[in-house]
Amino acid sequence: AKEAGKHTYRVFLPEMNQKVAKYIWLDTELRKAIDEKQFILFYQPLINLCTGRLHSVEALIRWRSNSRGLVAPGEFIRFTEESGLIIPIGRWLMQEAAWQAARWHESGLNIRISINISARQLRDTAIVNQLRELVEQSGTARTLIDIELTESSFIEDEKAAIELMRQFKQMGARILLDDFGTGYSSLSQLTRLPIDVIKLDRSFITGIDQNFQAQSLVRSVLGLARAFGFTVVAEGVETEREVQFLKDIGVDYAQGFFYARPMAAEAFEAWLDDKKKL
Ligand code: C2E
Ligand code: CA
Ligand code: CA
Ligand code: CA
């Protein structure tokens, strides 16, 4: 802003960094989105490769923007992490997922839901008590919510992150290590973390039936998983050949467009009905 008169300041928009302008716009729109509850959870099934049946679902957020329609998380989640808006959004999301799981539970569907928690959200230790309260309110004895974390959650303060995981696990949540293979941790570091499930990143799964390097990585992860009692999920499966290969080498679960895209709850229920995956 430049001083134009005694009490008047003029903002020269063209001079403003375009990025800054976009951030201000996004920030305003996202605050409105939180107030007006413009978010929706989509659900994508994880399939047991042995039985072909549903194992659980992953909740993936979408923003129903008035001006832009349905917006994918890649376009706004990082921004909400930087601005801190991920905290209220995460609170809404946990509540929504717990409510959905309880509703399915009441109608006789035993479906666990995993939710994505970013490193930024783990810095707010109130998150554990929030989940605990939701479990108590929902009337199910243990939580039906599982937690997906990435390796980045352990970089800042590994001890603190491990303690939070321990508390999540105490109330019945499982811990999934998301996007495995894209971060810095080595296989041996994995054994220090109280995780239950390793999710192999899509970048290793795409075309794995023809990629020897990816095959040997996945095989070593499987060997370690067997030794330490982790289960292994392959994410982003898109072809029958990928599924067949993963099944043959003993990967436990798979998730991807081959089975289903992320869907709103009603569409997921229809899919379940149609495919008889339960
Ligand atoms: P992610 O946790 O790795 O989620 C998987 C992403 O891969 C999803 O994208 C999903 O739609 C996509 N996907 C699933 N199967 C396939 C497939 O077969 N092929 C391809 N090409 N893609 C597939 P989405 O929904 O756009 O989410 C992107 C990322 O945004 C997520 O990656 C996650 O890191 C983040 N995210 C999503 N929802 C939330 C949330 O509620 N909270 C937080 N903190 N992050 C979220
Ligand atoms: Ca995830
Ligand atoms: Ca992932
Ligand atoms: Ca991924």
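Not measured: the values here are computed from a predicted model.

**Some details on the site of ligand 1**
As a matter of local geometry, ligand 1 sits amid 21 residues, with Arg 62, Leu 93, Asp 178, Glu 238 and Phe 257 nearest to it. Contact between ligand 1 and Glu 58: an oxygen atom at 3.2 Å from a side-chain N or O atom of the residue. Here Glu 238 contributes a side-chain N or O atom positioned 2.5 Å from a nitrogen atom of ligand 1. Burial of ligand 1 by the protein chains amounts to 81% of its free accessible area of 800 Å². Among the detected pockets, ligand 1 sits in the largest pocket.

**Notes on the coordination of the calcium ion (ligand 4)**
Coordination sphere of the calcium ion (ligand 4), protein contribution only: Asp 179 (OD), Asp 201 (OD) and Glu 235 (OE), at 2.6 Å. The sequence pattern describing where the donors of the calcium ion (ligand 4) fall on their chain is D-x21-D-x33-E. Here the calcium ion (ligand 4) and the calcium ion (ligand 3) are spaced 3.3 Å apart, linked through Asp 179, which binds each one. Placement of the pair is Asp 179 in strand S8 (residues 175-180) and Glu 235 in strand S10 (residues 231-235), with a sequence separation of 56 residues. Note on Glu 235: relative accessible area 11%, which makes it buried.

**Observations regarding the pattern of salt bridges**
Enumeration over the complete set of coordinates arrives at 13 salt bridges. In this structure, Arg 103 engages Glu 269 in a salt bridge whose closest nitrogen and oxygen atoms are separated by 2.7 Å. Of the two residues, Arg 103 is situated in helix H3 (residues 86-106) and Glu 269 in helix H11 (residues 265-275); the sequence distance between them amounts to 166 residues. A relative accessible area of 26% places Glu 269 in the partly exposed class. Of the charged contacts, one joins Asp 252 and Arg 226 as a salt bridge, the two residues approaching to 3.6 Å between their closest N and O atoms. Residue Asp 252 is located in the loop between helix H10 (240-249) and strand S11 (253-255), and its partner Arg 226 is located in helix H9 (residues 212-228); the two are separated by 26 residues in the primary sequence. Exposure remark for Arg 226: the relative accessible area of 46% places this residue in the partly exposed category. By sharing partners, the salt bridges in this structure join Glu 58, Glu 148 and Lys 199 into a single network.

**Thoughts on the coordination of the calcium ion (ligand 2)**
On the protein side, the calcium ion (ligand 2) has Glu 58 (OE), Asn 116 (OD1), Glu 148 (OE) and Asp 178 (OD) as donor atoms, found 2.2 to 2.3 Å from it. The sequence motif formed by the donor residues of the calcium ion (ligand 2) is E-x57-N-x31-E-x29-D. The calcium ion (ligand 3) is placed at 3.6 Å from the calcium ion (ligand 2), the two being bridged by Asp 178. Of this pair, Asn 116 sits in strand S6 (residues 113-116) while Glu 148 sits in strand S7 (residues 145-149), and the two are 32 residues apart along the sequence. Residue class for Asn 116 comes out partly exposed when judged on its relative accessible area of 28%. Residue classification places Glu 148 among the buried residues on the basis of a relative accessible area of 1%.

**Remarks on helix H5 (residues 126-138)**
When the terminal C-alpha atoms of H5 are compared, their 18 Å separation across 13 residues agrees well with the 18 Å that a helix rising 1.5 Å per residue should span. When H5 is considered as a whole, its buried residues turn out to be Ile 127, Val 128, Gln 130, Leu 131, Leu 134 and Val 135. Projected down its long axis, H5 carries its buried residues within an arc of 160 degrees, all on one side. Exposed residues pointing more than 90 degrees away from the buried face of H5 are listed as Glu 136 and Gln 137. Turning to H5, the residues buried within the fold contact H3, helix H4 (119-122), S7 and helix H6 (158-170). Positive phi appears at Gly 139, one or two residues downstream of H5, with a value of about 85 degrees.

**Let's talk about the pairing of S10**
Of all 5 residues making up S10, 4 are buried, and the element is well covered by its neighbours. Where strand S9 (residues 197-200) lies against S10, 4 bridges are found, and the strand directions are parallel. Counted as the bridge partner of Val 197 is Thr 231 from S10. Inspection of the sheet shows S10 paired to S11 by 3 bridges, in the parallel sense. Counterpart to Ala 234 in the pairing with S11 is Ala 254. Between the parallel elements S10 and S11, the chain passes through H10 in a crossover that is right-handed.

Thresholds applied
- Residues numbered from 1 in each chain as written.
- Chains lettered and ligands numbered in written order.
- Predicted model: local features only at pLDDT ≥ 70, side-chain atom pairs only at ≥ 80, totals over all residues.
- Heavy atoms only, no water.
- Near = heavy atom within 4 Å.
- Polar contact = N/O pair within 3.5 Å; in protein donor to acceptor, adjacent residues only side chain to side chain.
- Areas by Shrake-Rupley, 256 points an atom, 1.4 Å probe, with all protein chains shown as cover.
- 1 Å grid on protein atoms, 1.4 Å probe; cavity = no way out; pocket = protein on both sides within 12 Å on 5 of 7 lines; lining within 4 Å.
- Sits in = over half its atoms within 2 Å of the grid points.
- Donors = N, O, S within 2.8 Å, 3.2 Å for Na, K, Ca; no water.
- Helix = DSSP H or I, 4+ residues; strand = E, 2+ residues; numbered from the N terminus.
- Buried < 20%, exposed > 50% of the residue type's maximum accessible area, 1.4 Å probe, protein only.
- Salt bridge = Lys/Arg side-chain N within 4 Å of Asp/Glu carboxyl O.
- Expected span 1.5 Å × (residues − 1).
- Arc of directions from axis to C-beta.
- Contact = heavy atoms within 4.5 Å.
- Pairing = 2+ DSSP bridges.
- Right-handed = clockwise from strand over helix to strand, strands pointing away.

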